[in-house]
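A closer look at the structure
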Amino acid sequence: MTREHTRRRGRLVVLVGPSAVGKSTVVARLRELVPDLWFSVSATTRDPRPGEVDGHDYHFVSREKFDSMIENGELLEWADIHGGLQRSGTPAAPVREALESGSPVLLEVDLVGCRNVVTAMPEATTVFLAPPSWETLVERLTGRGTESQEVIDRRLETARSEMAAREEFQHVVVNDDVDAAAEQLVNLLVGPPLEEQAQAETSQEN
Ligand code: 5GP
């Protein structure tokens, strides 16, 4: 039988993690390990940061454009981020097309977005990227030295509620080693069937 006949839908993994947990480093490693990984480019109403490229890091859109995307059902999910300071969301069509073509897909969203993806696509695998400890996260968040105290406080507040919700996730990956964390994600995206992995996890716990 040819690959055409056996081609399956790609797996969808939704990754959530507090600010400064090291998500972008883990994702960069993951992209090296899984070259055909399809990574969703979100739409956002916030301004680009220095170095960010429209269409690559985000689709930077106006609030009006974003709201028309919601109205037209173009977003798989969306959320108000950091207390409504910005809105970000996942364009639906490219995700569905990538999954249908057999590519593994990674979405990186906030907690609200993750819950909405699961409602829209219950087959999604949810992963929480956790810091080794709360203290490490606070250190990383305050140590970057690039943000004002107000921004840091808001991120800590968001991080606190995200950490409190980690039990909701199917998998928690602790980022104490970038390679090990990326390997766990590789397994979920393209490793053995997920039912087998769930069984292995259960027997390890017992
Ligand atoms: P930043 O503005 O720093 O890039 O991201 C801030 C937060 O927005 C992060 O928690 C990130 O996961 C979340 N985020 C980025 N894109 C999306 C999206 O498409 N949907 C949702 N719900 N959250 C997103």
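Residues numbered from 1 in each chain as written. Predicted model: local features only at pLDDT ≥ 70, side-chain atom pairs only at ≥ 80, totals over all residues. Heavy atoms only, no water.

Pairing analysis gives four bridges linking strand S1 (residues 12-16) to strand S7 (residues 105-108), with the strands arranged parallel. Counterpart to Val 13 in the pairing with S7 is Leu 106. Inspection of the sheet shows strand S2 (residues 38-39) paired to S7 by two bridges, in the parallel sense. Across the sheet, residue Phe 39 finds its bridge partner in S7, namely Leu 106. (Pairing = 2+ DSSP bridges. Helix = DSSP H or I, 4+ residues; strand = E, 2+ residues; numbered from the N terminus.)

So, about the UniProt feature "binding site: ATP" (unreviewed entry) in the protein. In the numbering used here, UniProt assigns the "binding site: ATP" (unreviewed entry) feature to Gly 17, Pro 18, Ser 19, Ala 20, Val 21, Gly 22, Lys 23 and Ser 24. Here Ser 19 shows up in the loop between S1 and helix H2 (23-33). Structurally, Gly 22 can be placed in the loop between S1 and H2. Excluding its chain neighbours within four sequence positions, the residues that come into contact with Gly 22 are Leu 129, Arg 140 and Asn 175. (UniProt positions renumbered as here; feature names shortened; annotations may be inferred. Contact = heavy atoms within 4.5 Å.)

Within helix H4 (residues 92-100), the full set of buried residues consists of Ala 92, Val 95, Ala 98 and Leu 99. Projected onto a plane normal to the axis of H4, the buried residues spread over an arc of 140 degrees and lie on a single side. Turned more than 90 degrees away from the buried face of H4, the exposed residues are Glu 97 and Glu 100. In this structure, the buried residues of H4 make contact with S1, S2, strand S5 (75-81), strand S6 (86-91) and S7. (Buried < 20%, exposed > 50% of the residue type's maximum accessible area, 1.4 Å probe, protein only. Arc of directions from axis to C-beta.)

This paragraph deals with the side chain of Ser 88. As for its position among the elements, Ser 88 is in strand S6. For Ser 88, the side chain forms a polar contact with the side chain of Thr 44, separated by 3.0 Å. Excluding anything up to four places from it in sequence, Ser 88 contacts Ala 43, Thr 44, Tyr 58, Phe 66, Trp 78, Ala 79 and Ile 81. (Polar contact = N/O pair within 3.5 Å; in protein donor to acceptor, adjacent residues only side chain to side chain.)

Before going further, it helps to examine the site of the ligand. Residues in close proximity to the ligand total 17 residues, the closest being Ser 42, Arg 46, Arg 49, Tyr 58 and Glu 77. One nitrogen or oxygen atom from the side chain of Gln 86 is found 2.8 Å from an oxygen atom belonging to the ligand. Contacts to the ligand include Gly 89, whose backbone N or O atom sits 3.1 Å from an oxygen atom. Contact with the protein chains covers 89% of the free accessible surface of the ligand, which is 510 Å². Among the secondary structure elements, those contributing two or more residues to the shell around the ligand are S5 and S6. Sort the elements by how many residues they give to the shell around the ligand and S6 lands first, with four residues. Among the residues forming the shell around the ligand, the class breakdown is four nonpolar, seven polar and six charged. (Near = heavy atom within 4 Å. Areas by Shrake-Rupley, 256 points an atom, 1.4 Å probe, with all protein chains shown as cover. Nonpolar A, V, L, I, M, F, W, Y, C, P; charged D, E, K, R; others polar.)

Scanning the model with the defined rule gives three aromatic pairs in all. Seen in terms of ring centroids, Tyr 58 and Phe 60 are 5.7 Å apart; in terms of plane orientation they differ by 55 degrees. Their pairing is tilted. (Phe/Tyr/Trp six-rings, centres within 6.5 Å; stacked < 30°, edge-to-face > 60°.)

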